[in-house]
Amino acid sequence: MNRRRAQIKRITGETRIRLRLNLDGKGRSSIQTGIPFFDHMLTLFARHAVMDLDLRCDGDLEVDAHHTVEDCGLALGQAFLSALGDKKGIRRYGAGFHPGNPFTGEAYVPMDECLARCVIDFSGRPHLAWRGLKEFGYKTVSRRERVQDMSSAFRFGLAREFFQGFTNEARCNLHLELLYGDEPHHVIEALFKAFAKAADFACQRDPRIAGQLPSTKGKL
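Now for a quick tour of the structure. Every chain begins its residue count from 1, and numbering advances along the sequence as written. Confidence filtering applies because this is a predicted model: local features only for residues at pLDDT of at least 70, side-chain atom pairs given and counted only at 80 or more, and all residues used for totals across whole chains, interfaces and linings. The side-chain numbers reported here are obtained from all heavy atoms of the structure, hydrogens and water having been left aside.

### Looking at the pattern of salt bridges
For step 1, the next point in the chain: By definition, a salt bridge exists where a carboxyl oxygen of Asp or Glu is found within 4 Å of a side-chain nitrogen of Lys or Arg. By the definition in use, this model includes 11 salt bridges.
For step 2, the next point in the chain: In this structure, the salt-bridge partner of Glu 177 is Arg 117, at a minimum N-O distance of 2.4 Å. One end of the pair, Glu 177, is in strand 10 (residues 173–180); the other, Arg 117, is in strand 8 (residues 114–121), with 60 residues separating them in the sequence.
For step 3, the next point in the chain: Classification of residues uses two cut-offs on accessible area relative to the type maximum, computed with a 1.4 Å probe and protein chains only: under 20% is buried, over 50% is exposed, and between them is partly exposed. You can call Arg 117 buried: its relative accessible area is 19%.
For step 4, the next point in the chain: Asp 206 is paired through a salt bridge with Arg 208; the nearest N and O atoms lie 2.7 Å apart.
For step 5, the next point in the chain: Salt bridges here are not isolated pairs; linked through shared partners, they connect Arg 4, Asp 24 and Arg 205. Helix and strand definitions here come from DSSP, where helices need a minimum of 4 consecutive H or I residues and strands a minimum of 2 consecutive E residues; each element is numbered from the N-terminal end.

Listed below in structure tokens is the structure:
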């Protein structure tokens, strides 16, 4: 059985990233991005996706967090694309199935008052759908919010940049939706956990189609 691992080194004038990914890991991680809340999100992603992730990013945080967050998404997407290889034998779609549409994989994750949904398809076609979060995307963060909770400063629009970067480089369809919820920490955490569970299921090998490509086109 092939070892599905990848190492990415991405250096620009804004960030220096070194990343190691093992799709068939145990959920272990070592994350250092200089943004503690973002570190927490990537750590829980690895744990709930049951993948091993080692990521170091030295970014221009004196400018803002945007370059670091976006570039980490790009690097993680590159790692997924490399580790999945020819994609033969994988499930391809995310976790669970809606009874009204058995062809769509979905992962629902609750986080207290929040409920988030993620659907993923490693189709070779990049597209991000971002629903239920527009009103939060670029809200002004008050002084009180910045002091109160780092997750408030890690605005929803910044999370979107991470997922857009991942989608572009992993070449996948990624649909993320907040069904309801309002506490910033819970919203972001529910999204990352739903993403983790969908990615986990989609990357799993299906023994029924071992060695076969999960597509009628012959290429993904």
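### Topic: the nonpolar core
For step 1, the next point in the chain: Ranked by size, the top nonpolar core spans 63 residues in total, and within it Leu 19, Phe 45, Phe 80, Phe 122, Phe 166 and Leu 174 carry the most contacts.
For step 2, the next point in the chain: Counting residues per element, this core draws most heavily on helix 6 (residues 184–203), at 12 residues.
For step 3, the next point in the chain: Phe 166 has contacts with Gly 73, Leu 74, Leu 76, Gly 77, Phe 80, Ile 120, Phe 122, Arg 171, Cys 172, Leu 174 and Phe 195, leaving out every residue within four places of it along the chain. What we call a nonpolar core is a set of buried Ala, Val, Leu, Ile, Met, Phe, Trp, Tyr and Cys residues that are connected through their side-chain atoms within 4.5 Å. Every residue pair with non-hydrogen atoms within 4.5 Å of one another is taken to be in contact.

### Let's talk about the side chain of Thr 33
For step 1, the next point in the chain: Position of Thr 33 among the secondary structure elements: in the loop between strand 3 (29–32) and helix 1 (36–49).
For step 2, the next point in the chain: A residue is classified by how much of its surface remains accessible, and Thr 33, at 1% relative accessible area, is buried.
For step 3, the next point in the chain: Each polar contact in these results corresponds to two N or O atoms within 3.5 Å; when the atoms are within protein, one needs to be able to donate a hydrogen and the other to accept it, and residues that are neighboring in sequence are counted only if both atoms are side-chain atoms. Polar side-chain contacts of Thr 33 include one of 3.2 Å to the backbone nitrogen of Ile 35.
For step 4, the next point in the chain: Of the polar contacts made by the side chain of Thr 33, one reaches the side chain of Asp 39; its length is 2.5 Å.
For step 5, the next point in the chain: Here Thr 33 is in contact with Phe 38, Asp 39, Leu 42, Leu 55, Cys 57, Leu 61, Thr 68 and Cys 72, once residues within four sequence places are set aside.

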